[in-house]
Structures are given as structure tokens and as C-alpha cells.
Amino acid sequence: AQTVTQSQPEMSVQEAETVTLSCTYDTSENNYYLFWYKQPPSRQMILVIRQEAYKQQNATENRFSVNFQKAAKSFSLKISDSQLGDTAMYFCAFMKLLAGANNLFFGTGTRLTVIP
Amino acid sequence: DAGVTQSPTHLIKTRGQQVTLRCSPKSGHDTVSWYQQALGQGPQFIFQYYEEEERQRGNFPDRFSGHQFPNYSSELNVNALLLGDSALYLCASSLTPSGNTIYFGEGSWLTVV
């Protein structure tokens, strides 16, 4: 079974500063995807960034980047130049690379508050 | 381009009743999945529908059932509601059953009293 652990229930950061959210996971799979999703008060899950496990290069999307450590089963999210709109719940998620299936396993989330 | 749409937004049901939630996938998507998100928790996978059949199922009892229609829209049905079924129910869609770009709707808040 896959498990995803987010050990930081809440975090805060000053506007324009950098913050890192932690995520660890447990799996016996070798091929999989990892994701960070953002859930603002509107409740819609929005994809922030995706990492393929077979790629050694860390994914980046504008102000968002990840530090993927496959051996350590660690997948942290770095948000640079934090903006007020980044205030939300952030969920780390895991997906096996499997034909015909794309179910996500989520962590319990980190509530991020950006302080003006 | 309409994203994933869900209805109703909120609803309140009494314990023992039955509920039906509805979802229209993003345009062009033929695969729909449902998730349950309890308060303070991450979403948990209920099941996936493709070609009008349930393809994958998470650890949920048979009280949870679904349906997919020829236009790819989907329904989630929950029978014999329990207080513990109170949660946000999220619908997600993808281009294929293996698609790793998954779009979510804004969810349906179900409160069981």
C-alpha cells in the first residue's frame, strides 16, 4: 500500500519570502508520479506541479519547484516570492504508473498562510 | 472550455437516506473518478469510471455506487447514509484511465444529520 505523509499541518510565510513544504511517501513501486495540489477556499484541487519518478531532474513551474529525493522517498515543494494568492491547503499526492488506473493517494495536507 | 462541474454544491441529508451527486467531466475527457474528503483530511479515492464501467475501486463499502453515462457524465450514489459520510465529494476527470493530468471539480458538500 502507498502512504503519503505531510508532517507540517500549518505553515506561514511573509509575502515575497520563500517557503518549503515537506512530503514523504512509502511505496514498493519503482515507476510512479508525484504531485503537489493546491486547494484554496473554493475547494477545487488545482495541480501545482508534477514529477515523474524516472526523471532525475527536479520539476519547476514558475515560482514553484520540487526537491525530489527518490532514495529517501522525499518530495518537497519550494514556493519562491510567495504571494497572497498562494494562501491555501497544499496536498502532496502519489500515483502509480499503471495502465488503466490513475487513482491518487493524498497526504493530510499543509495549510499555508502568506502574511502581508 | 468548461472544466469539471459538480452538483449540487451543498446538501443536507438525514441518516439512513440516500443521496445522488452528479459530475460532468472536462470537455474531451472520458474518465471520471470520485474522491471523498473528510474535514481536515486529504481526499480518498472511491472509484473510477471509464466506458460506463467501474474500473478501479478504493476501500469503500458497497453502499457507495456509481454510474457513467454515454456522454461521460457520472453519478455517485450513497445508500443508507451514516453520520461519517459527511464530507466533501470531489469529482475528477482525465483524458484516459491512465492519464496523469487530472482535473478536479469544486466538490459537493454533504452533511448527514
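Read on for an overview of the structure.

Conventions adopted
Residues numbered from 1 in each chain as written. Chains lettered and ligands numbered in written order. Predicted model: local features only at pLDDT ≥ 70, side-chain atom pairs only at ≥ 80, totals over all residues. Heavy atoms only, no water. Salt bridge = Lys/Arg side-chain N within 4 Å of Asp/Glu carboxyl O. Helix = DSSP H or I, 4+ residues; strand = E, 2+ residues; numbered from the N terminus. Buried < 20%, exposed > 50% of the residue type's maximum accessible area, 1.4 Å probe, protein only. Contact = heavy atoms within 4.5 Å. Buried area = accessible area lost by both parts, 1.4 Å probe. Polar contact = N/O pair within 3.5 Å; in protein donor to acceptor, adjacent residues only side chain to side chain. Nonpolar A, V, L, I, M, F, W, Y, C, P; charged D, E, K, R; others polar.

Observations regarding the pattern of salt bridges
Taken as a whole and judged by the stated rule, the model has 7 salt bridges over all chains. A salt bridge links Arg63 of chain A to Asp86 of chain A, with the shortest nitrogen-to-oxygen separation between them at 2.9 Å. A residue pair is termed long-range when its members are at least 10 positions apart, and Arg63 of chain A in the loop between β7 (60-61) and β8 (64-69) and Asp86 of chain A in the loop between β9 (74-79) and β10 (88-96) qualify at 23 residues. For the pair formed by Arg63 of chain A and Asp86 of chain A, the shared burial category is buried. Among the salt bridges present, the one from Glu75 of chain B reaches Arg22 of chain B, with a minimum N-O distance of 3.5 Å. Remark: Arg22 of chain B occurs in strand β3 (residues 19-24) and Glu75 of chain B occurs in strand β8 (residues 74-78); sequence separation between them is 53 residues. On the accessibility criterion, Glu75 of chain B (18% relative accessible area) is buried.

Quick look at the environment of Glu52 of chain B
Residues and elements named next belong to chain B. As for its placement among the helices and strands, Glu52 is situated in the loop between β5 (44-50) and β6 (53-57). Here Glu52 falls in the partly exposed class, since its relative accessible area comes to 43%. Residues Glu52 and Leu110 lie 58 residues apart in sequence; the distance between their C-alpha atoms is 25 Å. In this structure Glu52 touches Gln68, Phe69 and Pro70, once residues within four positions along its chain are discounted.

Notes on the interface of chain B and chain A
In many reports, interface size means the accessible area that the parts give up when they come together. Contacts between chain B and chain A engage 27 residues on the former and 21 residues on the latter. Here chain B and chain A share an interface that buries about 1,900 Å² over both sides, 47% of which is from carbon and sulfur atoms. Among the residues chain B hides against chain A, the three largest losses belong to Asn100, Phe104 and Glu106 of chain B. Together they make up 31% of the total. Taken together, the connections running from chain B to chain A amount to 0 salt bridges. Linking chain B to chain A there are 14 residue pairs in polar contact (both at pLDDT 80 or more). For the side of chain B that touches chain A, the secondary-structure elements that each account for two or more residues are β4 (31-37), β5 and β9 (87-94) of chain B. A breakdown of the residues in the side of chain B that touches chain A according to their chemical character gives 9 nonpolar, 17 polar and 1 charged.

Quick notes on unusual backbone geometry
Residues and elements named next belong to chain B. For the peptide bond that leads from Ser7 to Pro8, omega is -10 degrees, which places it in the cis range. Mapped onto the elements, Pro8 comes out in the loop between β1 (5-7) and β2 (10-13). Residue Glu52 is not a glycine yet carries a positive backbone phi of 65 degrees. In the Ramachandran plot, Tyr72 falls in the positive-phi region, its phi being about 80 degrees despite a non-glycine side chain. The residue Tyr72 is located in the loop between β7 (64-68) and β8 in this model. In this structure Tyr72 comes out as partly exposed when scored by relative accessible area, which is 40%.

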